[in-house]
Amino acid sequence: MTYDFFYKLFGSQIIAAIIQSLLPLFIFILPFALFAVWLERKVSAHMQDRLGPMRVGWHGWLQTVADILKLIQKEDIVATASDKPLFNIAPVLVFVGTYAAFAAIPFSSAFIGSNLDLGVFFIVAVSGFVVAGILMAGWASNNKYSLLGSMRSVAQIISYEIPTMMVIITIVMITGTLNLNTLSEMQTGHFWNWMIFGGPVFGVSKFLMIPFMIVSFGIIYISTLAEVNRTPFDIPEAESELVSGYHTEYSGMKFAMFFLAEYANMFAVSAIVVALFFGGYQSPFGYVGHLFGLQWLVPIEQLLWFAAKGLFFVFVQMWLRWTLPRLRVDQLMTVCWKYLIPLAFVDLIIIGLITLI
Amino acid sequence: MSVEIEEKIVATNGLKTEYMVLNMGPQHPSTHGVLRLELELEGEIIKKVIPHIGYLHRCFEKHAEAMSYPQVVPYTDRMDYLASMYNEFGYAVAVEKLLGIQVPERVDYIRVVMGELQRIASHLVALGTYGMDIGAFTPFLYCFRDREKILNLFEITCGARLLYNYIWVGGLSHDIHPDFVRLTKEFITYFRPNIKELNDLLTNNKIFIDRTANVGILPKDTAINFGISGPNLRASGFKWDLRKDDTYSVYNKFDFDIPIGEGLMGTVGDCWDRYYVRILEMEQSLRIIEQAIDQIPEGDVALGIPKRIKPPVGQVYSRVENPRGELGYFIMSNGSTNPFRVKVKGPSFVHLGVMNELCKGYMVADIIAILGSIDIVLGEVDR
Amino acid sequence: MREYFKNIWAAIFTVSVGMKITFKHLFVPAVTIQYPDVKPKLPERERNRLYVNMDDCIGCDQCARACPVSAITIDTVKALPTEDLKTSQGRKKALWVTNFSIDFSKCCFCQLCVFPCPTVCIYMTDVYEFSEYKRENLLYNFSTLTTEEIKQKKTNYNLFEAEKAKEKAAKAAVAPVPAKAAPKEN
């Protein structure tokens, strides 16, 4: 819908497409990343019986802005022995890998960056850029610690993509489409139509599926936690073990890019989980806009619902970070290969059998 | 210091491989202080660990030769700065043995209460920082919040929170505050449920157990051969506590147990055991404080302090049970007001020696777990 | 096989227990205070910066000797017997304290100097925010005499001593030399 709006405004398809794809970036994601950093600090502080940032703005909400300003004006230190082209490109790749995924996520029925029929596939593929970026960062830093950190991170990300893909295949099997927009539209109505409660088709198979859908949700949530390197899977950036892992040698704006990319990535994976299992932008109770006959209110409400659900899952990710200790590298791999993948397989087969009923 | 790099020649294709030397340098978030660990790695497996110490050496033993006996007490505080009361306790017991004097009962009881409160405070730091090394950030803050209450108790008594200068030779510097007994009882009721909360949050957490059980196993005879003492020795299954086996002050009047490691979640003597023994010791310390705080006799704490401390010529070695192990003081006097030689046997120094033995065959991530579980303080290692 | 499912169950259960605890703590009020807007109330025995009341100081040097880090330096000049020097309680003082300096970059706040003072003139206050930009500013001088006064006291004392020595020499010249040997027996 917004594409049409911009097309009418500018009369050129290219400009409309560019603006349309840049919109979520500037209006939603960058402010969200700043907000998420503040939220993390506040949530962690209150869980630890303290207050967090309080001085910069009301209850510290401008703290992230102050941090970004500080990082921008810092000296950009590049070690002489590092591999300069790789060193400079690595943060850009990581940034691009996470932000490009937002192109295919449906924020509301009126707005989707690009309505790909291969939406989910595109997202998973583009997230692969992050792997390349991290490898480059670790290698180009010319630092044993960074190399170790980046190797671990790469192993972790590519291992955990497998359970993620298997759960996505499960959902695709049930719904028959890779298009996230269609998936979200399928879950209209009330919250019992959401995928986690068995999907929109009413019947015996719907109720049979519910426990297995919950297991799938658990598997994909844990796998995506590992993809974004959050505790308990944050070995690559473990402060107490390898100083800062693959971003030890970065300072200033490049570090800011890694930093913001991590928070954007958190939201991206929460958004995918929400779109797959929790109805995307659909409201659980019906729309105020429909109630009062104001049709233009509905997409805005949908946006708010989407943001709220995404934010809730981001909050759960933060909650887990501040509760749990870290897993060791080999235990991380054990969890993935010995626990998550067999469970995902078994789940896939069972749900496949149920859909045949 | 040059490093000997072992070169292993692979006979099959004549390639030389070298072990990678990784330096966990003096500035590192997890080596509890300024400690340099040189690791020889084969991939992720450790072949050798060489600790380099001396970054915090402040010539305590040489200073002590230039000070008079009461002036040494602030210096003893600063060795193991997380358990200052016990350093002063050990020194006071040693010098009193040299002088041959007996302190009033009130002084003994108050010293026991302070010492046990200090033991809880020290264990809280050990457990909190250990959790933080493993990756759980929240228990660290909960432990420090509880430690604040103990430091407040110390603050109202002697005015300082970390380095007290409270336990003097022959007595104490101040008598306890009138509110002290009431506040200590409030602390005991406040703290007991927090131990349970800490257990729920960290001790029984599956991820924590996976990280620490069956890691860094210290068998009983290795521990005894290396001279380990304190909670590390008790976690290996050997019931040895100086408060019961070589009793000093009035510890023989109290009823408390000595917890030992039983390998509940792994093997006997692994990191989880060392962690769990410290938690159980905190509970036992609460028991001792409960008994002692009700039984403090009346008296004057400054009565027994001699005007001039001039011991006869002689030497003494006396030891106390530090929260970290056996803290020993060897004091030699030549009849003057300054000690001729004060040598301190710090438990952390001895425990650091067993790191190489413990770390062989484990991974780099386990070093942090093992180093945190033997609970060293660099102030005591380097003095 | 049972081990496998036990592991999964243990992981889920202990993680949930942990999460419940941290969630409860979200609603516990913070235990920290917003220093420097809010300052904590310190107990009365708190050991912070020292203060010396120079009227009461008799210059006995006990505190300087008790200090383990030699942070206190005291210089004195003997007072003339004719000068009327008193503490605030009325006790007569025999020394002018010309220099009483405490180096707070050395002071370890151990309180060992407070106990030996016979007039309780050195004590610890509740001031703990006294950071300086220059290290020289941490050398506190408590003596109340100006440099001219110090010079004057010194010259007074030297003159007094010189006079005493002259008198002693004069008396020795006038008086008979005392007999060194015992009187001979008759």
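Basis of the calculations
- Residues numbered from 1 in each chain as written.
- Chains lettered and ligands numbered in written order.
- Predicted model: local features only at pLDDT ≥ 70, side-chain atom pairs only at ≥ 80, totals over all residues.
- Helix = DSSP H or I, 4+ residues; strand = E, 2+ residues; numbered from the N terminus.
- Rg over C-alpha atoms; globule rule 2.2 N^0.38 Å.
- Buried ≥ 20, exposed ≤ 12 C-beta atoms within 10 Å, placed from the backbone.
- Contact = placed C-beta atoms within 7 Å.
- Core = buried A, V, L, I, M, F, W, Y, C linked by C-beta atoms within 7 Å.
- Domains from an automatic or database assignment.
- Nonpolar A, V, L, I, M, F, W, Y, C, P; charged D, E, K, R; others polar.
- Pairing = 2+ DSSP bridges.
- Axes fitted to C-alpha atoms, helices over the stretch in contact; angles between N-to-C directions.
- Parallel < 35°, antiparallel > 145°, perpendicular 65-115°, else oblique.
- Left-handed = near helix turned anticlockwise from the far one by under 90°.
- pLDDT = per-residue confidence, 0-100.
- Expected span 1.5 Å × (residues − 1).

1. Remarks on the overall build of chain B
When you go through chain B residue by residue, the secondary structure sums to 15 helices and ten strands. The C-alpha radius of gyration computed for chain B amounts to 22 Å, which stays within 12% of the reference 21 Å derived for 383 residues, consistent with globular compactness. With respect to the principal axes defined by its C-alpha atoms, chain B has extents near 80 × 50 × 35 Å. Looking at the 383 residues of chain B, the share that counts as buried comes to 51%. Once local pairs closer than 6 in sequence are excluded, the contacts in chain B between residues at least 24 apart make up 70%.

2. Focus: the overall build of chain C
When helices and strands are counted, chain C shows three helices and five strands. Along chain C, helices (α) and strands (β) appear in the sequence α-β-α-β-β-β-β-α when read from the amino end. Against the compact-globule benchmark of 16 Å for 186 residues, chain C has a radius of gyration of 33 Å, which places it well outside the compact range. With the principal axes as the frame, chain C shows a C-alpha extent of 125 × 50 × 30 Å. Counting over 186 residues, chain C shows a buried share of 14%. Taking all contacts inside chain C whose residues are at least 6 apart in sequence as the whole, residues at least 24 apart take part in 75%.

3. Quick word on the nonpolar core
If you look at the biggest cluster of nonpolar residues, it comprises 195 residues, and the most contacted ones within it are Val94(A), Ala264(A), Phe267(A), Ala268(A), Val95(B), Val113(B) and Ile370(B). No other element matches the 18 residues that helix H11 (residues 253–277) of chain A contributes to this core. Both of domain 1 (7–52) and domain 2 (60–382) of chain B provide at least three residues apiece to this core. The residues touching Ile370(B), leaving out its near neighbours within four places in the chain, are Val215(B), Gly216(B), Cys271(B), Leu358(B) and Cys359(B).

4. Digging into the interface of chain B and chain A
Listed as interface residues are 21 residues of chain B and, on the opposing side, 20 residues of chain A. Contributing elements (two or more residues each) for the side of chain B that touches chain A: helix H4 (105–134), helix H5 (138–158), helix H7 (206–212) and helix H14 (364–373) of chain B. Considering only residue class, the side of chain B that touches chain A consists of twelve nonpolar, five polar and four charged.

5. Quick word on the sheet that holds strand S9 (residues 325–333) of chain B
Residues and elements named next belong to chain B. Pairing within the open sheet is antiparallel, and its three strands lie in the order S8-S9-S10. A single partner strand is all that each edge strand has here, and the edge strands are strand S8 (314–322) and strand S10 (341–345). The average undirected angle you get between the axes of adjacent strands in this sheet is 15°. Pairing geometry for S9 and S10, over five bridges, is antiparallel. The partner of Ile331 across the bridge, within S10, is Val342. The strands touched by helix H3 (residues 84–99) are S8 and S9; relative to S8, the strand with the most contacts, the crossing angle is about 150°.

6. Thoughts on the interface of chain B and chain C
With 20 residues of chain B in contact, the opposing surface of chain C contributes 17 residues. Breaking the side of chain B that touches chain C down by element, the ones donating at least two residues are helix H2 (69–77), H5 and helix H6 (180–203) of chain B. It is H5(B) that contributes the most residues to the side of chain B that touches chain C, five residues altogether. Residues belonging to the side of chain B that touches chain C are distributed by class as follows: eight nonpolar, seven polar and five charged.

7. A look at the environment of Leu311(A)
By the element assignment, Leu311(A) lies in helix H13 (residues 297–321). In sequence terms Leu311(A) and Phe202(A) are 109 residues apart; their C-alpha atoms lie 29 Å from each other.

8. A closer look at the pairing of S9(B)
Regular strands place side chains that alternate from one sheet face to the opposite one. Residues and elements named next belong to chain B. Most of S9 sits inside the fold, with seven of its nine residues counted as buried. Judged from the nine bridges that link them, S8 and S9 form a sheet pairing that is antiparallel. Note on S9: the bridge partner recorded for Gln315 is Met332. Counting the residues that bridge the hairpin from S8 to S9 gives two residues.

9. A look at the sheet that holds strand S2 (residues 72–78) of chain C
Residues and elements named next belong to chain C. Ordered by their spatial adjacency, three strands build an open sheet running S2-S3-S5, and the pairing between neighbours is antiparallel. If you trace the sheet from one side to the other, it starts and ends with S2 and strand S5 (139–141), each paired once. Strand-to-strand twist in this sheet, taken as the mean axis angle between neighbours without regard to direction, amounts to 15°. With respect to the sheet, helix H3 (residues 147–174) is in contact with S2 and strand S3 (95–103), its orientation differing from that of S2 by roughly 50°.

10. Digging into the packing of helix H4 (residues 84–100) of chain A against helix H6 (residues 128–140) of chain A
Residues and elements named next belong to chain A. Relative to each other, H4 and H6 sit at 155°, their axes nearing to 8 Å. By the angle class used here, H4 and H6 are roughly antiparallel. When the axes of H4 and H6 are compared, the crossing they make is left-handed. In this structure, H4 contributes Leu86, Phe87, Ile89, Ala90, Leu93, Val94, Val96, Gly97 and Thr98 to the contact, and H6 contributes Phe129, Val130, Ala132, Gly133, Ile134, Met136, Ala137, Trp139 and Ala140. Considered class by class, the residues forming the contact of H4 with H6 number 15 nonpolar, three polar and no charged.

11. As for the domain arrangement of chain B
All names here are of chain B. Per the domain assignment, the segments of chain B are domain 1 (7–52) and domain 2 (60–382). Taking the mean C-alpha position of each, domain 1 and domain 2 sit 32 Å from one another. The interface is formed by 14 residues belonging to domain 1 together with 17 residues belonging to domain 2. Contributing elements (two or more residues each) for the side of domain 1 that touches domain 2: strand S4 (36–42) and strand S5 (45–52). The element best represented in the side of domain 1 that touches domain 2 is S5, accounting for five residues. Among the residues making up the side of domain 1 that touches domain 2, the classes are represented as eight nonpolar, four polar and two charged.

12. Thoughts on the confidence of the model for chain C
Scored by pLDDT, chain C has a mean of 84; 94% of the residues are at 70 or more. With pTM at 0.88, the complex prediction returns an ipTM value of 0.85.

13. Observations regarding the environment of Tyr166(B)
Residue and element names in this part refer to chain B. Its place among the elements puts Tyr166 in the loop between H5 and strand S6 (167–168). Here Tyr166 falls in the buried class, since 24 other C-beta atoms lie within 10 Å of it. In sequence terms Tyr166 and Phe154 are twelve residues apart; their C-alpha atoms lie 9.4 Å from each other.

14. What about H11(A)?
With 25 residues, H11(A) ought to run about 36 Å at 1.5 Å a step, and its terminal C-alpha atoms sit 36 Å apart, in line with that. Phi turns positive one or two residues past the end of H11(A), at Gly279(A), with a value near 90°.

15. Structural notes on unusual backbone geometry
Of the consecutive residues Tyr35(C) and Pro36(C), the connecting peptide bond is found in the cis state with omega at 5°. Residue position: Pro36(C) is located in the loop between helix H1 (2–25) and strand S1 (50–52). Phi angles above zero are rare outside glycine, and His59(A) is one such case at about 55°. On the secondary structure map, His59(A) appears in the loop between helix H2 (13–47) and helix H3 (63–72). The phi dihedral of Arg383(B) is positive, around 50°, even though this residue is not glycine. Inspection of the secondary structure assignment puts Arg383(B) in the segment after helix H15 (378–382). Judged by C-beta crowding, with 23 C-beta atoms within 10 Å, Arg383(B) ranks as buried.

16. Describing H3(B)
Taking 1.5 Å of rise per residue, 16 residues should cover 22 Å, and H3(B) covers 23 Å from first to last C-alpha, within 8% of that figure. Of the residues trailing H3(B), Gly100(B) is marked for its positive phi of about 80°.

17. Some words on the environment of Lys8(A)
All names here are of chain A. For Lys8, the location among the structural elements is in helix H1 (residues 2–10). Residue Lys8 is classed as exposed on the basis of its 9 C-beta neighbours within 10 Å. Along the backbone, Lys8 and Met54 are 46 residues apart, and their C-alpha atoms lie at a distance of 46 Å.

18. Some thoughts on the packing of H11(A) against H13(A)
Between two packed helices, both the angle of their axes relative to each other and the distance between the axes serve to describe the pair. Residue and element names in this part refer to chain A. Direction vectors running N to C along H11 and H13 enclose 115°, while the axes themselves pass 9 Å from each other. At the point where H11 passes H13, the crossing takes the right-handed sense. Across from Met266, Phe267, Ser270, Ala271, Val273 and Val274 in H11, the residues of H13 making contact are Phe306, Lys309, Gly310, Phe313, Val314 and Gln317. Looking at the contact of H11 with H13 residue by residue, the class counts come to eight nonpolar, three polar and one charged.

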